[in-house]
Structure formats: structure tokens, C-alpha cells
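Now for the letters of each chain:
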Amino acid sequence: MTSSSSPSQDTKRLAHAYPEGLRADALMEEDVAWSHEIDGERDGDQFDRSERAALRRVVGLSTELEDVTEVEYRQLRLERVVLVGVWTTGTAQDAENSLAELAALAETAGALVLDGVIQRRDKPDAATYIGSGKAAELRDIVLETGADTVICDGELSPGQLIQLEDVVKVKVIDRTALILDIFAQHAKSREGKAQVALAQMQYMLPRLRGWGQSLSRQMGGGRGGLATRGPGETKIETDRRRIREKMAKMRREIADMKTGREVKRQERRRNKVPSVAIAGYTNAGKSSLLNRLTGAGVLVENALFATLDPTVRRAETPGGRLYTLADTVGFVRHLPHHLVEAFRSTMEEVGDSDLILHVVDGSHPNPEEQLAAVREVIRDVGATDVPEIVVINKADAADPLVLQRLMRVEKRSIAVSARTGQGIAELLARIDDELPRPAVEVVALVPYTHGKLVARAHAEGEVLSEEHTAEGTLLKVRVHEELAADLAPYTPVSA
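Residues numbered from 1 in each chain as written. Predicted model: local features only at pLDDT ≥ 70, side-chain atom pairs only at ≥ 80, totals over all residues. Heavy atoms only, no water.

By the naming in an unreviewed UniProt entry, the protein goes by GTPase HflX and is assigned to Streptomyces nogalater. The Subcellular location (unreviewed entry) field of the UniProt record for the protein holds the comment "Cytoplasm". Here the protein is described in UniProt, under the heading Subunit (unreviewed entry), as follows: "Monomer. Associates with the 50S ribosomal subunit." (UniProt positions renumbered as here; feature names shortened; annotations may be inferred.)

Chemist: An account of the sheet that holds strand β7 (residues 322–327) is requested, with residue identities and associated values reported.
Modeler: On the basis of which strands lie adjacent, the open sheet formed by 6 strands has the order β6-β7-β5-β8-β9-β10 and mixed pairing. Edge positions in the sheet fall to β6 (311–316) and β10 (413–415), since each has one partner strand and no second. Strand-to-strand, the axes of this sheet are offset by a mean angle of 25°, without reference to chain direction. Where β6 lies against β7, 6 bridges are found, and the strand directions are antiparallel. Bridging across to β7, threonine 311 finds its partner in aspartate 327. Strand contacts of helix α15 (residues 367–380): β5 (275–280), β8 (355–361) and β9 (388–393), with the helix running at about 145° to β8, the strand carrying the most contacts. Across the sheet, helix α16 (residues 400–409) is in contact with β9 and β10; its angle to β10 comes to roughly 160°. (Pairing = 2+ DSSP bridges. Helix = DSSP H or I, 4+ residues; strand = E, 2+ residues; numbered from the N terminus. Axes fitted to C-alpha atoms, helices over the stretch in contact; angles between N-to-C directions. Contact = heavy atoms within 4.5 Å.)

Chemist: Break down α15 for me, with residues and values.
Modeler: For α15, with 14 residues, the first-to-last C-alpha span of 20 Å sits near the 20 Å given by 1.5 Å per residue. Pro367, Gln370, Leu371, Ala373, Val374, Val377 and Ile378 are the residues of α15 that are buried. An end-on view of α15 places all buried positions within 165° of arc, on one side of the element. Positive phi shows up at glycine 382, right after α15, with a value of about 75°. (Expected span 1.5 Å × (residues − 1). Buried < 20%, exposed > 50% of the residue type's maximum accessible area, 1.4 Å probe, protein only. Arc of directions from axis to C-beta.)

In C-alpha cells:
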């Protein structure tokens, strides 16, 4: 039997092996580290010491999906919602369409819709939106489905929000908060993020709630003695003040960005470049149409508000005239007032354009409602005087009877399919006809040494005819007054 060394011998060995300053570290390491000199003389194999010193795996930190069960579990972690609508006007089909759109919004935000209910009322209940009895029934539905959120198809007042949450015992949000959440997910540009943040703070300010220490008074400031004078601010009052300060800062930043965009617009006006704005309901196919007309490569997805930031691209008519094509943010029924205000600077692209391509989804169950909702927002931003072409998109998937009905009601309309290219050539010809034309017609014989004038005539005007002669390029063009003055010295004597 092998004898083991005494503790005093181990201590002497450590004292000899380590300097004085490292002796304590060595003593601590002895409990977990393996040393042949020390551990080789101990009884047994010391498996517990090896296990203690080994690497231990911490369970539950990996985010990698290893098998199907984890994928299914990840799906279960989506926010589970129940939708609630109040049907006050219109038909039952209108109410169901509105709730179906709310379901699409919820899915875009990343929620799993479990159920949807509609209540017929003259007006929403002032206390709980749907009434105390129906709120209790909604609580039963929430318990039955296992939902963790209720989404209401309308804008709730702060009081309605609190009282409905007290009854159903889960989180309650309204349509406005849902749209703001989608915008926050999809905003990519600096301006888009600032506009969304401003709208969220405007929505949040009257809905701040506090409890416990949030409602207690803070000590008064200044140089007061002892417990200081005055009641001081509550925590929630401090939060409101800070939100107002952030909102003021955000408005200044958006105003600065607006100045930069206005400079670009003035440059386009100076160069007499016509502009066309694409407006329309969300998911009507605006980005698809922009890609088809200009090859812009903008994100296209079958989801509401898939693209949020406006895109401006250069385009050319079949006749060779240059113009800009701007894709704007999509509209939706009951678009929150906060968003209209926050995105007003972006929507000014519509008001400053020479032509609006109003895109509507021809395959939608009720495209007339989409047209009405978009025109309401266009009216709010003061763009009612801009000429409009109604572009009925998704003609390949639409009901032919619906297309005929829309084209009969909307006299200035055209049916296209951005996916297949149907009707795009006709749309380009219509844009060429509708864009404002230069006012002055000029005939000029431009020497070959002044090719820049010929290039400007092509870029800024409408070339009616062009002939290359021995003396130079004979042009017959329609141009604006400034370019007409530059071409005047080259007017042929015979003209």
C-alpha cells in the first residue's frame, strides 16, 4: 500500500516551488489543478477533482435551431394575439375586411393571430371600448386561446387602454401602436427613424403610467435647507418633461433634413426636371412598379409597409425626356394622425410633384376603399391640384369584372401588372403625355463645337426633330425660357 505524504510535507513542497507572493494563489489552485508531484501520491484516482476542474457546459445559452422541435418551439414564442373590432358603420363585410387588414398588420409586426371578434355598436364604449360585458367575454376568449396580447381595431384613449387591461389581464394595444411598431421595424434611413421616433413619442406622452415610486415626489432642488422647500416633481412628471425635450430635438433634426431635401428639389426645379410621385395603399405594388419602370432594385415583399423610406430614381419617357420617379410611404385606413404629422415632410414629395401615379390593388376585395383612404391623406398634405393617373396594379390576378368597374368609374385609369409587365408600355406613354411640356418652341442650328447645348436640349426639353448638316446640328425643340435664350443666337436666318 502506498503511503501518502502529510499535509505539512505538501505545504513545504509548495513553499519551495512558489515564491512568497504566489503562495496563496498556488494554494487555491491546488483544489482544482492537477499536479503529478502532489496528486500522484494521494489515495485513489481523485475523479471528483478531475470533474471539478473540467469545462462544464451551461445549458440553454445556444440560439442555434438544432432540430424540428426547436423550430416549433421558436414559433410558440411569437406574440399570440386576439383581435377586437367595433362595427359602427358600413356593412358586415366592411367590418370583416377591416379586421382582416388588422390581422395582416399584426402578422407583419411578428405576431401570431389566434382569433378575431367584432361587436356591433353605435359608437365605441367610453370606458372599455367594447363595454364591460363584452370585455368579460373577451377575457374568456383570451384564457381559452392562451393569448398574451389584445389588439383593438381603433385608437384607444388612455382611459380605455387601462380599463380594458384591468378586465382582460393581458397587454392591450390599439391599431395606432401596431402601425408605429411596424414603422419602427422597417425604418432604415436616418430621417425615417427620426420621423418614427417622433410619432412614437407623440403617441406615448399622454399614455405614460406610473405606480409606486413613479408617483412619489422627488426632493426639491436649489439651495434649500434641511428637507428643502416645495413638493418637487414626481417621477412621471420628469419622464414627460424629458419626452417633450426629446420631441423638440427630434423636430429640429427633421427640419434640418427637410432643408437638405428641399435643396435637392430646388435643383431639380432649376434644371426643369419634371417629377412623378407614386402614391397608394400599402402593399398595392408601388415598389414593384418603381422597379419595373426604373430598375431601382427596391425591396419587394408581400407584406404591409415592407418599404418605408422614400426612394427617388431617374427615369426617361419613350420620347427621351428625363423625369424623376419618387416612391412614397404607403397609406392605410385610419392612418394615425401622429404619422401624418411626422411624415409630412416626406409626403411633400407628393405635393411638389407634377404628376401622381395613384397605385391601387386590383385584386383587393374593396379597391374603392383603398382609393378613398389614399385620397384623404393626399388632401391632408395639400396635393389635390396635382394631376392624377389611377394605376390599377395586379391586373393579372384581379377579377376582370372588378377591373371593368374601376376603369368605368375612374376615367383617368390604366390597368397594369408590375409582375408580368402588362400595360407598362401604355403607362409610360401616358406619363409622357401627362408631364408638363416646355413652353417655347425653338429652331436652332447648333455648331458641332457647342455639343453641350444639344445635350441640354435632349435632357431639359423635348426634341421634335434633329438633323445633322455640314454646318452643325439642326434642332427643332420645345424648351424652357432659359434654354431658349441660350439657343437664340443659333436661330437660322431662314427660320
